[in-house]
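In case you want the letters, here they are:
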Amino acid sequence: MSDRRLEHEPFACAPALKLEAHERMSRVQVDALNARLDRLELLLERLERRMWLAVYGVAGVILAQAFQSVIAAAP
């Protein structure tokens, strides 16, 4: 039993391969983060457009009511 513990399978120690794999993994993660950021920016732009549309809609309703009250008050 103790003889088996001392026997290890030989393996090639390749720090350069580990570094290359780590760099590839980091690149994939950064690319995924950039894709998420692009989607978030697109969603924020759409939200901003909708918000401005709502603001202009409310301002239009207020102006329409003011104009209607002016017309109703004029003889």
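This text gives an overview of the structure that appears in the document. All figures in this text were calculated on a predicted structure; none of them were measured in a lab.

Let us now look at the overall build of the protein chain. Secondary structure assignment for the protein chain yields two helices and zero strands. Relative to its 75 residues, the protein chain shows a buried fraction of 0%. Counting every atom, the protein chain has about 7,700 Å² of accessible surface; 65% of that belongs to carbon and sulfur.

This part is about a negative patch on the surface. Taken together, the side chains of Asp38, Glu41, Glu45 and Glu48 make up a negatively charged region of the molecular surface. The topology assignment puts Glu45 in helix 2 (residues 15–73).

On to a nonpolar patch on the surface. On the surface, a cluster of nonpolar side chains totalling about 460 Å² of accessible area is made up of Met51, Trp52, Val55 and Tyr56. By the element assignment, Val55 lies in helix 2.

What counts, and at which threshold
- Residues numbered from 1 in each chain as written.
- Predicted model: local features only at pLDDT ≥ 70, side-chain atom pairs only at ≥ 80, totals over all residues.
- Heavy atoms only, no water.
- Helix = DSSP H or I, 4+ residues; strand = E, 2+ residues; numbered from the N terminus.
- Buried < 20%, exposed > 50% of the residue type's maximum accessible area, 1.4 Å probe, protein only.
- Areas by Shrake-Rupley, 256 points an atom, 1.4 Å probe, with all protein chains shown as cover.
- Patch = residues over 30% accessible without salt bridge, like charges linked within 9 Å, V, L, I, M, F, W, Y side chains within 5 Å.
- Salt bridge = Lys/Arg side-chain N within 4 Å of Asp/Glu carboxyl O.
- Lys, Arg positive; Asp, Glu negative; His and termini not counted.
- Charge placed at Lys NZ, Arg CZ, Asp CG, Glu CD.

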